[in-house]
Amino acid sequence: MSNALNNPYLLLTPGPLSTTSGVREAMMKDWCTWDSEYNSFVQTIRKKLVGLASHDSEPYTSVLMQGSGTFSVEAAIGTFLPVDGKLLILANGAYGERMVRIAQMLRINYQVFRSAEDEEPDLQLLEQLIDEDPFITHIAMVHCETTSGILNPVREIADIAQRLGKIFMLDAMSSFGGIPIDMARDHIDILISSSNKCIQGVPGFGFVIARKKLLEISRSNARSHALDLYDQWKTMEEQYGKWRFTSPTHTVRAFYQALLELELEGGVAARYQRYSDNHATLVDGMEKLGYRCFLPQGIQSPIITSFYYPEQLSFSFERFYDALKSHGFVIYPGKVTTASTFRIGNIGNVYPDDIRRLLHAISTIQNH
């Protein structure tokens, strides 16, 4: 059940998001980074993450990295790509383009396969491109591109990567823990996410789940000392959960609590159902109020939904935002480049009743 009324407003965003009182209360104790009890939480978290990622946990390991999710994306790209590697980036939104910028800054050899923000990648063209370029070693893609809310076809693209002998890297920042994923079944070699998304923790660190053999051969690849994923993993392995540098202790303890609460809810399948119910309730209500979705439902994720601005010339997102905030809701501005949109998130400690309260607030605002 939502505890949104304990907060001044409910975050309807793709993260940070509204958390439970249990997660917040877990941060009320201070921890020493050298403490064995604290480091046991780290080791348990690492094990639980691998268990969430695949039914076959043996080939995989996990490593936590300080900072926002983008830090972990950059750590993964900078650590797994060898000097003679080439990265193919699939981009149909701002976060795919962010990976392009990371590759540029790290001076990694890369190529971009772009699609429109409201379209999935063309699989036939993609396979042709990969087949014709023998220098490509890795393929990277965003699963849920929260620019629009589109859910990209992971299994189909990972199958192409496996068939052509490429390493597949998935930015599952806004999907892991909220949409069923199985790395072994879906042929995902590397997965990246963060503490403040569908597992419903708070900001402070990201994590990478990867095949052990890929980390083992990445020892000399890193382009950054602080973001050396191999060195972070090796330290955690050899020193029982110790981080190389000061770790976000309160965030780690909150994340441990969030994992326990995910299990109590019924796991990823149950959370996926709740998020899907939130999304269905939102879309049905918004359409009745006259709003149109940016994406067709066939490619829409249950994570975040983009809506076109209403046709009234007098509509101001800033006024709409402020009015909703005064009713206890915070939404997101649009990020789509081809249309005027705003976004409403369905994840976090949010339930269909919360969405119905939001819809009532929007109806009230429209009638004034």
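Residues numbered from 1 in each chain as written. Predicted model: local features only at pLDDT ≥ 70, side-chain atom pairs only at ≥ 80, totals over all residues. Heavy atoms only, no water.

Engineer: Any chance you could explain the packing of aromatic side chains here in plain terms?
Structural biologist: Aromatic ring pairs are defined here through the distance separating the ring centres and the angle between the ring planes. This structure, assessed with the given rule, holds 19 aromatic pairs. Of the aromatic side chains, those joined through ring pairs into one cluster are Tyr291, Phe307, Tyr309, Phe315, Phe317, Phe320, Tyr321 and Phe342. Lying over the aromatic face of Trp34, Lys242 brings its terminal NZ or CZ to 4.4 Å of the ring centre. The side chain of Arg274 reaches across the aromatic face of Tyr351, ending 4.4 Å from its centre. (Phe/Tyr/Trp six-rings, centres within 6.5 Å; stacked < 30°, edge-to-face > 60°. Lys NZ or Arg CZ within 6 Å of the ring centre and 35° of its normal.)

Engineer: Whenever I open this one, the sheet that holds strand β11 (residues 304–308) confuses me. Can you help?
Structural biologist: As summarised here, the arrangement of the three strands in space is β11-β14-β13, forming an open sheet in which the pairing is antiparallel. Taken across any chain shown, the strands that pair with only one partner, and hence form the sheet edges, are β11 and β13 (332–333). On top of the sheet, helix α11 (residues 267–288) reaches β11 and β14 (341–345); it is set at about 10° to β11, its chief contact. (Pairing = 2+ DSSP bridges. Helix = DSSP H or I, 4+ residues; strand = E, 2+ residues; numbered from the N terminus. Contact = heavy atoms within 4.5 Å. Axes fitted to C-alpha atoms, helices over the stretch in contact; angles between N-to-C directions.)

Engineer: Where do I start with the packing of helix α2 (residues 36–53) against helix α9 (residues 229–238) in this structure?
Structural biologist: What describes two packed helices is the angle between their axes and the distance between those same axes. Here α2 crosses α9 at 115°, and the two axes come no closer than 11 Å. Pair α2 / α9 crosses with left-handed handedness. Residues Val42, Gln43 and Arg46 of α2 pack against Trp233, Met236 and Glu237 of α9. (Left-handed = near helix turned anticlockwise from the far one by under 90°.)

Engineer: So what exactly am I meant to see when it comes to the side chain of Ser301 here?
Structural biologist: Relative to the helices and strands, Ser301 is located in the loop between α11 and β11. A polar atom in the side chain of Ser301 sits 2.8 Å from the backbone oxygen of Gly149. A polar contact is formed between the side chain of Ser301 and the backbone nitrogen of Ile303, at a distance of 3.2 Å. Filtering out sequence-adjacent residues up to four positions away, Ser301 remains in contact with Cys144, Gly149, Leu151 and His279. (Polar contact = N/O pair within 3.5 Å; in protein donor to acceptor, adjacent residues only side chain to side chain.)

Engineer: Quick question: what am I supposed to make of the environment of Asp186 here?
Structural biologist: Relative to the elements of secondary structure, Asp186 occurs in helix α7 (residues 183–186). Asp186 sits in the buried class, given a relative accessible area of 5%. A sequence separation of 31 residues divides Asp186 from Arg155, and the C-alpha atoms of the two residues are 5.1 Å apart. When sequence neighbours within four positions are dropped, the list of residues in contact with Asp186 reads Arg155, Ala158 and Ile181. (Buried < 20%, exposed > 50% of the residue type's maximum accessible area, 1.4 Å probe, protein only.)

Engineer: Is there a simple way to think about the environment of Ala361 in this case?
Structural biologist: On the secondary structure map, Ala361 appears in helix α13 (residues 352–366). Using a relative accessible area of 3% as the deciding quantity, one classes Ala361 as buried. For the pair Ala361 and Ile192, spaced 169 residues apart in sequence, the C-alpha separation works out to 36 Å.

Engineer: Would you mind going over the pairing of β14 with me for this structure?
Structural biologist: Every regular strand shows the same layout, with side chains that alternate between the two sheet faces. For β14, the tally of buried residues reaches five of five residues, placing the bulk of the element in the interior. On β14, burial covers both faces: Thr341, Arg343 and Gly345 on one face and Phe342 and Ile344 on the other are all buried. Relative to β14, β11 runs antiparallel, the two sharing five bridges. Across the sheet, the residue bridging to Tyr308 is Thr341, located in β14. As defined by bridge partners, β13 adjoins β14 across two bridges and the pair is classed as antiparallel. Within β14, the position partnered with Tyr332 by the bridge is Arg343.

Engineer: How should I be thinking about helix α4 (residues 94–105) in this particular structure?
Structural biologist: The periodicity of an α-helix, 3.6 residues per turn, causes residues three or four positions apart to be oriented the same way. Taking 1.5 Å per residue as the helical rise, α4 with its twelve residues ought to reach 16 Å, and the 16 Å between its terminal C-alpha atoms agrees with that figure. In the core, the buried residues of α4 are packed alongside α3 (69–80), β3 (86–91), β4 (109–114), β5 (138–142) and β6 (144–145). Phi turns positive, to about 55°, at Arg107, one or two residues after α4. (Expected span 1.5 Å × (residues − 1).)

Engineer: Help me understand the nonpolar core, please; the structure alone is not making it clear to me.
Structural biologist: In a soluble, globular protein the nonpolar side chains are often hidden away together inside. Within the largest apolar cluster, 78 residues are counted, with the highest numbers of intra-cluster contacts made by Phe80, Phe168, Phe176 and Ile209. What Phe176 contacts, discounting residues up to four positions off in sequence, is Leu49, Leu52, Ala53, Ile181, Leu191, Ser193, Cys198, Ile199, Phe207 and Ile209. Within the second largest apolar cluster, 24 residues are counted, among which are Leu10, Cys293, Phe342 and Ile355. (Core = buried A, V, L, I, M, F, W, Y, C linked by side-chain atoms within 4.5 Å.)

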